[in-house]
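# Architecture at a glance
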Amino acid sequence: MNILDIIQKKQKKQELTKEEIEYFITGYTNGNIADYQASALLMAIFLNGMSDREITDLTLAMAYSGEVIDLSSLGTVVDKHSTGGVGDKVTLILMPIVAMLGIPVAKMSGRGLGFTGGTVDKLESIPGYKTQISVEEFISNVKKIGISLIGQSLNLAPADKKIYALRDATSCVQSIPLIASSIMSKKIASGANKIVLDVTCGDGAFMKTRQEAEELSDKMIQIGKLANKETVCVITDMNEPLGYSVGNNLEVIEAIEALKGNIREDVKKVVLALGAEMLRLAGKGENIQKNKELIEQTIQSGMALEKFKQLVQNQGGDISYIENTSKFEKSEYIVPIVLPEMQKQENARKVISLSAEAIGKASCSAGAGRQKKEDSIDMTAGIVLNKKVGDYVKSGDILAYLHTNKKEKIDEIQQQILKAYELG
Ligand code: URA
């Protein structure tokens with residue numbers, strides 16, 4: 001077998017066999033297939049797609065490219081994953097809540113991808129927090145405090161770790177076979193027996209339409225069935241950024257505020273919808289409305305924030321930052337983005353849309369995202385939104401604050417942010 005033949009086959013829109021897919025995954029994971037060859041194949045998959053059988057074979061090959069954990073000794077472990085969004089800090093808020101409600105949380109998250117943020121980068125913005133721990137430590141943390149959130153440690157779905165970074169740097173993210181296999185391989189490897197997936201849909205998601213979101217959901221549910229893991233997909237709106245902050249430590253600060261009870265309505269809606277399904281799957285209650293009430297009570301009682309602190313401390317993070325968020329480092333430049341004078345004297349106008357993709361890209365330009373896979377990111381960079389859809393604005397109002405250390409980029413990013421707002 002030979003990688004060039006496999007690339008050519010996909011270029012000609014032919015179906016790859018299970019053996020060819022396994023050959024690619026094994027060869028790329030152990031370094032026998034080069035990045036440029038893997039990029040060519042990923043681009044061919046991106047352009048020409050895969051059959052359901054190929055997607056399943058790809059997912060399983062990726063899941064078994066390293067260790068596959070067995071968490072059955074912990075009882076029903078319900079995992080959660082999002083297909084990606086802008087300002088999506090739901091994991092940071094929801095997972096301590098469900099852990100507090102007695103569901104073991106053993107979650108492997110990803111880094112920022114394309115214009116979307118990643119939980120691992122956000123967690124690493126907390127000084128000292130270790131996302132790369134051994135499998136033994138991961139399981140022992142869950143046993144000890146009921147929760148562990150990690151990145152892709154060396155041995156869990158290592159093929160996804162490499163492919164994920166390569167897709168990010170080659171614009172091969174927005175592809176149903178590649179997203180489904182990436183997410184489900186991580187979920188299979190990290191051992192949960194039930195899975196709730198947040199399938200984001202809209203301008204700031206990889207699935208732009210409801211139809212695409214449903215198609216991706218169907219593929220992941222099918223893979224879950226084959227892997228014997230009950231999988232539920234919740235389709236959520238990602239047309240404007242979720243909450244008010246976009247960027248790594250900015251989102252951590254918002255998540256801490258949310259856990260203190262100061263949670264934005266749009267974020268709360270997603271947290272409750274996903275959390276209620278997680279409780280249902282864990283056998284904690286069939287009544288979705290009651291489950292939502294329980295989640296709200298857990299936030300209001302302050303117990304979820306306590307669990308978050310425990311998580312941070314247990315993984316080496318400095319909890320003084322959680323107790324006092326003003327300790328988080330800030331960008332050198334915090335620039336108010338002001339709505340310029342309009343040509344005619346006008347009354348206040350309503351924000352009718354706010355492009356999450358444009359804000360995500362602006363945040364990456366400010367330093368919060370990667371251009372090349374080895375790039376480091378600026379944990380302080382991002383955007384804090386002052387006006388969102390439905391708000392009224394007039395000339396001179398501050399729409400948002402740009403946080404960046406890149407002085408030379410400020411004018412360009414300012415224009416990007418202004419263009420993201422559509423006023424009616
Ligand atoms: N999240 C993942 O883990 N993988 C993707 O491809 C997209 C979102």
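Residues numbered from 1 in each chain as written. Predicted model: local features only at pLDDT ≥ 70, side-chain atom pairs only at ≥ 80, totals over all residues. Heavy atoms only, no water.

### Some details on the pairing of strand E8 (residues 349-354)
Here is the rule: By this definition, two strands are paired if DSSP reports at least two bridges between them. Helix numbering and strand numbering both begin at the N terminus, where a helix is a DSSP run of H or I of at least 4 residues and a strand a DSSP run of E of at least 2.
The pairing of E8 with strand E10 (residues 392-393) spans two bridges and is classified as antiparallel. Each bridged residue has a counterpart across the sheet, and for Arg349 the counterpart in E10 is Val393. Strand direction decides the pairing type here: E8 and strand E12 (residues 421-423), joined by three bridges, are antiparallel. Within E12, the position partnered with Val351 by the bridge is Leu423.

### Describing the packing of helix H1 (residues 3-11) against helix H2 (residues 18-29)
For the record, the criterion: Axis definition: a line fitted to C-alpha atoms, over the contacting stretch in the case of helices. Angles run 0 to 180 degrees between N-to-C directions. Any angle between 65 and 115 degrees counts as roughly perpendicular, while under 35 counts as roughly parallel, over 145 as roughly antiparallel, and the rest as oblique. Each crossing gets its hand from how the near helix is turned against the far one by less than a right angle, where anticlockwise is left-handed and clockwise is right-handed. Between two residues, a contact is recorded if the distance between any of their heavy atoms is within 4.5 Å. Residues are grouped as follows: Ala, Val, Leu, Ile, Met, Phe, Trp, Tyr, Cys and Pro are nonpolar; Asp, Glu, Lys and Arg are charged; every other residue, Gly included, is polar.
In the contact formed by H1 and H2, the axes pass within 11 Å of each other and the chain directions differ by 120°. Taken together, the axes of H1 and H2 lie oblique to each other. For the pair H1 and H2, the sense of crossing is left-handed. Judged by residue contacts, Ile3, Ile6 and Lys9 of H1 engage Glu20, Tyr23 and Phe24 from H2. Here the contact of H1 with H2 is composed, by residue class, of four nonpolar, no polar and two charged.

### Quick look at the site of the ligand
The test is simple: Put simply, a residue is near a molecule or strand once any heavy atom of it comes within 4 Å of that molecule or strand. N or O atoms within 3.5 Å of each other form a polar contact, as long as, within protein, one can give a hydrogen and the other can take it, and as long as residues adjacent in sequence are counted only when both atoms are side-chain atoms. The accessible surface values rely on the Shrake-Rupley method and a 1.4 Å probe; as for residues, cover is taken only from the protein chains in view.
Residues in contact with the ligand, as listed here, are His81, Ser82, Thr83, Leu113, Tyr164, Arg167, Ile179, Ser182, Ile183 and Lys186. In this structure, Ser182 approaches the ligand through a side-chain N or O atom, which is 2.7 Å from a nitrogen atom. In the complex, 97% of the free accessible area of the ligand, which totals 230 Å², lies under the protein chains. Put simply, the parts of the chain that give the shell around the ligand at least two residues each are strand E1 (78-82), helix H8 (158-169) and helix H9 (176-189). Considering each element in turn, the shell around the ligand owes the most residues, four residues, to H9.

### Overview of H1
Inclusion rule: Relative accessibility thresholds used throughout: buried, under 20% of the residue-type maximum; exposed, over 50%; partly exposed, between the two (1.4 Å probe, protein chains only). This arc is built from the directions going out from the helix axis to the C-beta atoms.
What H1 keeps buried is the set Ile3, Ile6, Ile7 and Lys10. An end-on view of H1 places all buried positions within 100° of arc, on one side of the element. Taken together, the buried residues of H1 touch H2, helix H3 (35-48) and helix H4 (52-63). You can read the cap of H1 off the contacts: a side-chain oxygen lies 2.7 Å from the backbone nitrogen of Leu4, and it is on Asn2. Directly after H1, the chain includes Lys13, whose backbone phi takes a positive value near 65°.

### What to know about the environment of Gly247
Note that Gly247 resides in the loop between strand E6 (245-246) and helix H11 (248-259). By relative accessible area, Gly247 is classed as buried at 6%. In this structure the C-alpha to C-alpha distance between Gly247 and Phe46, which are 201 residues apart in sequence, comes to 27 Å. Look past the residues within four positions of Gly247 in its chain and what remains in contact with it is Ser363, Ala368, Ala381 and Gly382.

### With respect to the pattern of salt bridges
Applicable threshold: Each salt bridge in this description consists of a side-chain nitrogen of Lys or Arg and a carboxyl oxygen of Asp or Glu lying within 4 Å of one another.
This model, assessed by the stated rule, comprises 24 salt bridges. Note that Lys9 is salt-bridged to Glu20, the shortest N-O span being 2.9 Å. Here Glu20 lies in helix H2 and Lys9 lies in helix H1, a separation of 11 residues in the sequence. Here Glu20 falls in the buried class, since its relative accessible area comes to 14%. Measuring nitrogen to oxygen at the nearest pair gives 3.1 Å for the salt bridge that ties Glu54 to Lys10. Pair noted here: Glu54 is in helix H4 and Lys10 is in helix H1, with a separation of 44 residues, a long-range link. Accessibility expressed as a relative area gives 2% for Lys10, which makes it buried. Put simply, Arg111, Asp121, Glu124 and Arg370 are held in one network by salt bridges that share partners.

### Describing the domain arrangement of the protein chain
We count it as follows: Delimitation of the domains relies on an automatic or database domain assignment. Once two parts are put together, the accessible area they lose, assessed with a 1.4 Å probe and summed over both, is termed the buried area.
Split into domains, the protein chain comes out as domain 1 (3-49), domain 2 (72-325) and domain 3 (331-423). Of the residues lining the interface, 13 residues belong to domain 1; the matching set on domain 2 comes to 14 residues. When domain 1 packs against domain 2, the two sides together hide about 1,100 Å² of surface, and 81% of this comes from carbon and sulfur. Considering only the surface of domain 1 that becomes buried against domain 2, Tyr28, Leu42 and Phe46 emerge as the three largest contributors, covering 52% of it. The interface formed by domain 1 and domain 2 includes zero salt bridges. Counting every contact that joins domain 1 to domain 2 gives one residue pair in polar contact (both at pLDDT 80 or more). Looking at the side of domain 1 that touches domain 2, the elements that each hand over two or more residues are H2 and H3.

### Re the nonpolar core
What counts here: Grouping buried Ala, Val, Leu, Ile, Met, Phe, Trp, Tyr and Cys residues that are joined through side-chain atoms within 4.5 Å yields what is termed a nonpolar core.
In this structure, Phe24, Ile25, Ile359, Leu402 and Ile417 are the most contacted members of the largest nonpolar core, which totals 71 residues. The element contributing the most residues to this core is H9, with seven residues. Ignoring sequence-local partners within four residues, the contact set of Phe24 consists of Ile3, Ile33, Ala38, Leu41 and Ile163. Ala99, Ile256, Ile319 and Ile322 belong to the second largest nonpolar core, which has 50 residues in total.

### Notes on the sheet that holds strand E7 (residues 333-338)
With antiparallel pairing, four strands are arranged side by side in an open sheet as E6-E9-E11-E7. The strands lining the two open edges of the sheet, one partner per strand, are E6 and E7. Bridge count for strand E9 (residues 382-385) against strand E11 (residues 398-404) is four bridges, and the pairing is antiparallel. Pairing of Leu385 across the sheet is with Ala400, part of E11. The sheet strands contacting helix H16 (residues 356-368) are E6, E9 and E11, and the helix crosses E9 at an angle near 135°. Across the face of the sheet, helix H17 (residues 410-420) comes into contact with E7, E9 and E11 while running at roughly 40° to E7.

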